[in-house]
Amino acid sequence: MSQARLQLPPQVAHGQVVRARLLIEHPMDTGYLQDLAGKPVPRNVIADLTCEYGGRQVFRVEPSSGISGNPFFEFFFRAGETGELRVSWVDERGAKGELRQLLRVQPPSSRPPA
Amino acid sequence: MRRLLAGALLLALGLSWGLAAAQQRHISLEQVRSGLSYAGGDVRALQADEFANPAQLWLQRGEQRWSEPVGRAGKSCMDCHGAVKDSMRRVAARLPALDRQSGQLFILEDRIRQCRQRHQQGPELAFESDDLLSLSLYVSQASAGVPLQPAADGPALPHVLAGERLFMQRRGQLNLACTHCHDQNFGRRFYTDPLSQGQPNGYPVYRLEWQKVGSLERRLRSCFVGVRAEPLPWGSTQMRQLALYLGWRGQGLPVEVPAVRK
């Protein structure tokens, strides 16, 4: 099973722009390389990767064979309510992966009055 | 003439003292430098980034495998050894070393494979498999910062000397020995690549060329291919002797995992 990591700030304020960093284990085989035994490795890259938060899609990418193995992505979105980020991906052979992580958002009321 | 005599005397002393004098260091202990110092800024930045360093994916898997019960014995590594940070501290800095029972020269991967077979009675861990590399990376990380200090005297001495011979021996269509690049020309460029000293302190390493983590043995094999020599078979004692010589040669360098190299 492939590994994945998602980095979010430990606590963010409502309305704040959040930086998410995402690292996914995938060989991203281009189809041009050979394995250690010299056998050609057929092409297989991540076909589609999405990130949903609060019922909305905040990030989506279709990486091609031009993206490195174990790709790293960084993206930004605006924090609403405390909720789960759900990252899911599928490669060209149909193998799926998923990672869920909670984003803690300070509610707007807890901020000192202006 | 005086020089010759001095040389002969030194040689005689060397033969009698064994390792201490017979092996002169081509790179003095003050001069040894990790491969990181020959890497570009982007590679250094990737290694330093504790989140984005891709070797973290293997470390993460290593942590999982460490505590998973495996095999007929139904034991995990954790059941016998406990937490790596206590039980495995300094282990990576001491290897390769002679296995007391078999008398074979063992690298960390051999030790893990043996444990899997003997104590866990589980399926064999193949060389260069992600599970084996993850475990060896995870165990090596417990020695991060510990200076390399494999035992190079006593029964290990013949292996160090054999490793030195391999290091000094010309091979391949390019007719080069390890020493020609890594003792005599480190810091200079081979085409556009800076030549490193060939130090073993960052292994298993995430190599951008491989797009994954690989062992020191795999790295050494790619040098064999680089000089167009036939690589030694996987798991051969000679590769372990070479690794032991490298450990002696890089003595004092801190273990530097998880490392990233080009």
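Note that this is a predicted model, so its numbers are computed, not measured.

Topic: the pairing of strand β7 (residues 83-91) of chain A
Residue and element names in this part refer to chain A. Where strand β4 (residues 46-53) meets β7, 7 bridges bridge the pair, whose relative direction is antiparallel. Its bridge partner being in β7, Thr50 is matched across the sheet by Ser88. Bridge analysis of β7 against strand β8 (residues 96-103) gives 8 bridges, and the strand direction is antiparallel. Within β8, the position partnered with Gly83 by the bridge is Leu103. Turn length for the β7-β8 hairpin, with the two strands adjacent in sequence and antiparallel, is 4 residues, and the turn residue Gly94 shows positive phi of about 90 degrees.

So, the interface of chain B and chain A
Interface size, as often reported, equals the accessible area lost upon joining of the parts. Facing the 10 residues of chain B at the interface are 12 residues of chain A. Among the elements that take part in the side of chain B that touches chain A, helix α4 (residues 55-66) of chain B stands out by supplying 4 residues, more than any other. Residue composition of the side of chain B that touches chain A, grouped by class: 4 nonpolar, 3 polar and 3 charged.

Brief notes about the domain arrangement of chain B
Residue and element names in this part refer to chain B. Along its sequence, chain B is organised into domain 1 (33-50 + 151-261) and domain 2 (55-141). Between the C-alpha centres of domain 1 and domain 2 the distance comes to 22 Å. If you look at the interface, domain 1 gives 22 residues, while domain 2 gives 20 residues. Looking at the side of domain 1 that touches domain 2, the elements with two or more residues in it are β6 (212-214) and α13 (237-249). Here the side of domain 1 that touches domain 2 takes 6 residues from α13, the largest share from any one element. The residue makeup of the side of domain 1 that touches domain 2, split by class, is 13 nonpolar, 7 polar and 2 charged.

Some remarks on helix α12 (residues 216-226) of chain B
Owing to its 3.6 residues per turn, the α-helix aligns residues three or four sequence positions apart on the same side. Residue and element names in this part refer to chain B. Among all positions of α12, only Leu216, Glu217, Arg218, Arg219 and Leu220 are buried. Among the structural elements, β5 (205-207), β6 and α13 are those in contact with the buried residues of α12. With its phi angle positive at about 60 degrees, Arg228 sits one or two positions after the end of α12.

A look at the packing of helix α8 (residues 108-118) of chain B against helix α9 (residues 130-141) of chain B
Residues and elements named next belong to chain B. Direction vectors running N to C along α8 and α9 enclose 115 degrees, while the axes themselves pass 10 Å from each other. One finds that α8 runs roughly perpendicular with respect to α9. Crossing handedness for the pair α8 and α9: right-handed. For the pair α8 and α9, the contacting residues are Leu108, Glu109, Ile112 and Arg113 in the first and Leu132, Leu135, Ser136, Val139 and Ser140 in the second.

Here's the deal with the pairing of strand β3 (residues 17-24) of chain A
Residues and elements named next belong to chain A. Of the pairings in the sheet, the one linking strand β1 (residues 4-7) to β3 comprises 4 bridges and is antiparallel in character. Opposite Arg5, over in β3, you have Leu23 as the bridge partner. Alignment of β3 against strand β6 (residues 72-78), held across 7 bridges, turns out to be antiparallel. Residue pairing in the sheet places Arg21 in a bridge with Glu74 of β6.

What to know about the nonpolar core
All names here are of chain B. In terms of nonpolar packing, the biggest core is built from 59 residues, with Ala55, Trp58, Leu137, Val139, Val213, Ala243 and Leu244 touching the most fellow members. Among the domains, domain 1 (33-50 + 151-261) and domain 2 (55-141) are the pair contributing at least three residues each to this core. Excluding residues that lie within four positions of it along the chain, Trp58 makes contacts with Leu133, Ser134, Leu137 and Val213.

Quick notes on the sheet that holds β6(A)
Residues and elements named next belong to chain A. In space, the 3 strands of this open sheet follow the order β1-β3-β6, with antiparallel pairing throughout. The open sheet has two edge strands, β1 and β6, and neither has a second partner. The mean inter-strand angle of the sheet, taken between neighbouring strand axes irrespective of direction, is 20 degrees.

Cut-offs used in this document
Residues numbered from 1 in each chain as written. Chains lettered and ligands numbered in written order. Predicted model: local features only at pLDDT ≥ 70, side-chain atom pairs only at ≥ 80, totals over all residues. Pairing = 2+ DSSP bridges. Helix = DSSP H or I, 4+ residues; strand = E, 2+ residues; numbered from the N terminus. Contact = placed C-beta atoms within 7 Å. Nonpolar A, V, L, I, M, F, W, Y, C, P; charged D, E, K, R; others polar. Domains from an automatic or database assignment. Buried ≥ 20, exposed ≤ 12 C-beta atoms within 10 Å, placed from the backbone. Axes fitted to C-alpha atoms, helices over the stretch in contact; angles between N-to-C directions. Parallel < 35°, antiparallel > 145°, perpendicular 65-115°, else oblique. Left-handed = near helix turned anticlockwise from the far one by under 90°. Core = buried A, V, L, I, M, F, W, Y, C linked by C-beta atoms within 7 Å.

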